[in-house]
Amino acid sequence: MQPTDDNVRNTFIQDSIGRNQDLIHFINIINSIEESYSIALDSYWGCGKTFFVKQIKLIYDAICDSPYANIDGKEQIINSWNRINGNKTLIPHIAIYYDAWENDCDDDPIYSLVYQMALETHKSKELKDNIDFNDILTIAGKITSAIAGVDPKEIADSIQKTNFLDVLKERKEIQQRIKEYITQLLPEGYDRLIIIIDELDRCNPSFAIKLLERIKHYFDNDRVTFLFSVNLSELQISIRKYYGEEYNASRYLERFFDLRLPLPPLNTEVFYRLIGLNELGIWSTIAELVIQKNHLQIRESIKYISMLKLLKSTTFLTETYNNILRGNTKILLYKIIIPVVWGEMLSNVFLYSRFMHENDYSLLTLFFNNADSIIAVQNTIEYLFAPDELANFRSKIHSSEGMKMVHSRMKDFYNALMLDDHSEIEVGQCLISSYTRQLFHKTISLLENSINY
């Protein structure tokens, strides 16, 4: 589910990821701003930040009837907005979206930012009649030449050559021309320009820092709000790479962001229904546990569920499991081990690699580290124990001793599964043979290839 125009529009109309109410709250914050302001919308990769900010732009484009936007399904968007917002009016703003990561090969970010603003707004004939597009590019070019690579030595050289005041004057002129340009971007009746900067944390450190600095210097305008969709933890890493590991990156960012807000959490019930978790049959319970315990984000969860659906529908795998493996071994391997390992492959490559190559079964014990996890799949876990052991296990399932029993048998099952020979080993009610091992590794190989692809 990529953030294409169709997906951004349809997920808003249907509220299929359960964030429409959060969008209203966020837009209310934007509408309360009356000065130059910068907001950081903070979240990890894959949580849906791009969807969220693109839906903000979609709402402003549709509800405020932006002269620069030509969107499909406008009436449906308006109806959805009115349904959740009670027909309240929206302060008319103009929103522009800029993907920083797509442009981080440029020498200077301001050039590409002004260029993107010009591209988006020149879709409007009204603006074309009032602004010379080539003039905007000239402004961007002058910014690049005026501020690129300035350091104290160059300033000293400029003073000695008596042209330093001319340099300052040119910069002031550029700032003024940008302010005039922004004013012209806001047609009569529109209150504010919202510039959305996405994917900044994925840019190379030099570009990310330059963009922040240039924006601070050249877009100080009471009618402009910057909305950064960013992972602040990753951005701080970029800053330390640029300035040194001891640099106070958090304090540095305080210069640029007036407000930091976390991306609201998903409505998991709505989201699970959207990605078809309940369609997994025997995997539904374990899949939900894997997503929650590994903190899989939107993109990872979709990948996780999609691959399980594919495995479930792959005739070769299902027939092979049914024909080769004994019932109890098949159920334990197919219903628990494979989904748990697949989840770890997506969320913790280090732990997964130790599991596959370094005789470390800890991802299984970490997964079943409390009674709730064990009870959720109790019927399957019981196959680790012989019939005469089950009464003792069931009486202790709620206790730490019950967890220790599961961990011990998981270790035995793992050791038997990872052997590189043709022996048959019995663990509880499960028989692990060379065929079991071959099939396990073929399935894992298929999952690994899906990630590489």
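What you see is a predicted model, and the numbers here were worked out from it, not measured in a lab. (Residues numbered from 1 in each chain as written. Predicted model: local features only at pLDDT ≥ 70, side-chain atom pairs only at ≥ 80, totals over all residues. Heavy atoms only, no water.)

Tracing the sequence through the fold places serine 433 in the loop between strand S7 (430-432) and helix H24 (434-452). Not counting the four nearest positions on each side in its chain, serine 433 is found in contact with Ser423 and Glu424. (Helix = DSSP H or I, 4+ residues; strand = E, 2+ residues; numbered from the N terminus. Contact = heavy atoms within 4.5 Å.)

Between helix H3 (residues 49-63) and helix H4 (residues 74-85), the least distance of the axes is 9 Å, while the angle of their chain directions is 105°. Regarding the angle of H3 to H4, the classification is roughly perpendicular. Touching Leu58, Ile59, Ala62 and Ile63 of H3 are Lys74, Ile77, Ile78 and Trp81, all from H4. A per-class count over the contact of H3 with H4 returns seven nonpolar, no polar and one charged. (Axes fitted to C-alpha atoms, helices over the stretch in contact; angles between N-to-C directions. Parallel < 35°, antiparallel > 145°, perpendicular 65-115°, else oblique. Nonpolar A, V, L, I, M, F, W, Y, C, P; charged D, E, K, R; others polar.)

Right, let's get into helix H11 (residues 232-243). The first and last C-alpha atoms of H11 sit 16 Å apart over 12 residues, in line with the 16 Å expected at 1.5 Å per residue. Among the residues of H11, Leu232, Leu235, Gln236, Ser238 and Ile239 are the ones counted as buried. The buried residues of H11 occupy an angular sector of 155° when projected down its axis, which confines them to one face. Among the structural elements, strand S1 (37-42), helix H10 (205-218), strand S4 (224-230), helix H12 (249-253) and strand S5 (259-262) are those in contact with the buried residues of H11. One side-chain oxygen at the N-terminal end of H11 lies 3.1 Å from the backbone nitrogen of serine 233; it belongs to asparagine 231. Immediately beyond the C-terminal end of H11, within one or two residues, lies glycine 244, with a positive phi of roughly 120°. (Expected span 1.5 Å × (residues − 1). Buried < 20%, exposed > 50% of the residue type's maximum accessible area, 1.4 Å probe, protein only. Arc of directions from axis to C-beta. Polar contact = N/O pair within 3.5 Å; in protein donor to acceptor, adjacent residues only side chain to side chain.)

Leu113, Met117, Leu193, Ile197 and Phe219 are the most contacted members of the largest nonpolar core, which has 74 residues in total. Broken down by element, this core gets its largest block of residues, eight residues, from H3. Excluding its chain neighbours within four sequence positions, the residues that come into contact with methionine 117 are Ile96, Tyr181, Ile182, Leu185, Leu193, Ile195 and Phe219. Grouped together as the second largest cluster of nonpolar side chains are 61 residues, Ile275, Val290, Met405 and Ile432 included. (Core = buried A, V, L, I, M, F, W, Y, C linked by side-chain atoms within 4.5 Å.)

With that out of the way, let us pick up the sheet that holds S5. What the five strands build is an open sheet, ordered S2-S3-S4-S1-S5; its pairing is parallel. The open sheet terminates on both sides in strands that have one partner only, identified here as strand S2 (93-99) and S5. With direction set aside, neighbouring strand axes in the sheet form an average angle of 20°. Of the strand pairs in this sheet, S1 and S4 are connected by six bridges, and their pairing is parallel. Paired with tyrosine 37 across the bridge in S4 is threonine 225. This element, helix H2 (residues 20-31), spans S1, S2, strand S3 (192-198), S4 and S5 of the sheet and lies at about 160° to S1. (Pairing = 2+ DSSP bridges.)

Another point: the pairing of S2. Along S2, seven of the seven residues are buried, which leaves the element largely enclosed by surrounding structure. The alternating pattern of S2 places His93, Ala95, Tyr97 and Asp99 and Ile94, Ile96 and Tyr98 on opposite faces, both of which are buried. The pairing of S2 with S3 spans seven bridges and is parallel. In the strand pairing of S3, tyrosine 97 is matched with isoleucine 196.

A surface patch of like charges, here negative, comprises Glu34, Glu35, Asp191, Asp220, Asp222 and Asp258. Position of aspartate 220 relative to the elements: it lies in the loop between H10 and S4. (Patch = residues over 30% accessible without salt bridge, like charges linked within 9 Å, V, L, I, M, F, W, Y side chains within 5 Å. Areas by Shrake-Rupley, 256 points an atom, 1.4 Å probe, with all protein chains shown as cover. Salt bridge = Lys/Arg side-chain N within 4 Å of Asp/Glu carboxyl O. Lys, Arg positive; Asp, Glu negative; His and termini not counted. Charge placed at Lys NZ, Arg CZ, Asp CG, Glu CD.)

Just geometry here; none of it tells us what the structure is for.
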